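Listed here are the chains, written in short residue letters.
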Amino acid sequence: MSRNGLWIVAAGVAGFVAAITYWVIALALAESHKAEMVSPERVTSFIHAVIDANRANYTQNVVDKLHNQGVVEALEHWKEEKGLPLPAQFLLESGRLVAQKDMKLSFRLASLTPIYVWNGPNSEFERRGLEVVMKAPEKPFTGFYQQAGVRYFQGIYADRAVSESCVSCHNAHVNSPRRDYKLNDIMGGVIVTIPISEAP
Ligand code: HEC
């Protein structure tokens, strides 16, 4: 091979090595960047964990305690009467306060057989999600949707009748369309919605 030919081969090999190196570094950087990002599934499950803990904490350490000491009761019409909000209302009220912050973040408690129609599904996706978590409550029903140019991610988490009081109150409520709840039934779901993109 001529001297020139050798130079061309050497330049070709060097170019090839440089391209591979660049590709490997770019891939490694992309991977490390990915490791720093939190998936929308994890974000909604974090938010759900906090909401769930707050409701349980409120129920056990405020409502039950004050009831046992004969101080005050949780009453549905707590705003008009001298009572505490019911745990479901405590959650819904926090959701309303968060909605006022205009972060496009929202959460609420919903059901296919709600005491109040406004706690029913707001979309076909929510209807399907509530149906799915009733049959398979171990994992949330999740997915993306688009509204007014904004992309959202929604996670729907099964809400279980963990105590006899859930069952007896819902079965006895005048508005309840369903009156055969049993302990451990899935009564509905906590729906957590987060924005994925900014408004255009
Ligand atoms: C003392 C009565 C009472 C108890 C106890 C109670 N709830 Fe409710 N629940 C209500 C009322 C009333 C609403 C509607 C609140 C509203 O929209 O203002 C509601 C709302 C809900 C909703 C939203 C759908 C709907 O029916 O409107 C779910 C899901 C729910 N409760 C699950 C539970 C679970 C699970 C428990 C037990 C951990 C429980 N509830 C305990 C009265 C009760």
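Residues numbered from 1 in each chain as written. Predicted model: local features only at pLDDT ≥ 70, side-chain atom pairs only at ≥ 80, totals over all residues. Heavy atoms only, no water.

1. Some words on the pairing of strand β4 (residues 186-195)
As a reminder of what qualifies: Working definition: with a 1.4 Å probe on protein chains only, accessible area under 20% of the residue-type maximum means buried, over 50% means exposed, and in between means partly exposed. Note on conventions: DSSP H or I runs of at least 4 residues are helices, E runs of at least 2 residues are strands, and numbering of each starts at the N terminus. Only strands joined by at least two bridges in the DSSP assignment are considered to pair.
Burial analysis of β4 places nine of its ten residues in the buried class, the great majority of the element. Here strand β1 (residues 106-110) runs beside β4; their pairing, made up of five bridges, is antiparallel. Directly across from A110, in β4, lies its bridge partner G189. With nine bridges connecting them, strand β3 (residues 150-160) and β4 associate as antiparallel partners. Bridged to R160 within β4 is I186.

2. Focus on the UniProt feature "domain: Tll0287-like" (unreviewed entry) in the protein
Stated formally: UniProt positions are given in the numbering used here, feature names are shortened, and annotations may be inferred rather than shown by experiment.
The positions that UniProt labels "domain: Tll0287-like" (unreviewed entry) are, in the present scheme, residues 48-195. Helix makes up 37% of residues 48-195 and strand 22%, with an end-to-end C-alpha separation of 15 Å.

3. Here we look at the environment of P177
The following threshold applies: Any two residues having at least one pair of non-hydrogen atoms within 4.5 Å are treated as being in contact.
Here P177 shows up in the loop between α5 (164-172) and β4. When the C-alpha positions of P177 and W7 are compared, they lie 84 Å apart, and in sequence the two are 170 residues distant. The residues contacting P177, other than those within four sequence positions of it, are T113, P114 and I115.

4. A short note on the coordination of the iron atom of the ligand
Spelled out, the test is: Counted as donors are N, O and S atoms no farther than 2.8 Å from the metal, or 3.2 Å for Na, K and Ca; water is not among the atoms, and sites may therefore look incomplete.
You will see that the iron atom of the ligand has only one donor from the protein, H170 (NE2), lying 2.1 Å away. Within the secondary structure layout, H170 lies in helix α5.

5. A look at unusual backbone geometry
Unlike most non-glycine residues, D102 shows phi in positive territory, near 60°. When its relative accessible area of 67% is taken as the criterion, D102 is described as exposed.

6. Digging into the nonpolar core
Heads up, the rule is: To form a nonpolar core, buried Ala, Val, Leu, Ile, Met, Phe, Trp, Tyr and Cys residues must be joined to one another through side-chain atoms within 4.5 Å.
Membership of the largest hydrophobic core is limited to twelve residues, which are I51, L91, L92, V98, L105, F107, L109, F153, Y157, V190, V192 and I194. Secondary structure elements with two or more residues in this core: α3 (87-99), β1, β3 and β4. Dropping the residues within four chain positions of it, L109 is found in contact with R55, A88, L91, L92, N119, D159, G189 and V190. If you look at the next biggest cluster of nonpolar residues, it comprises seven residues, including F125, V133, F141 and I156.

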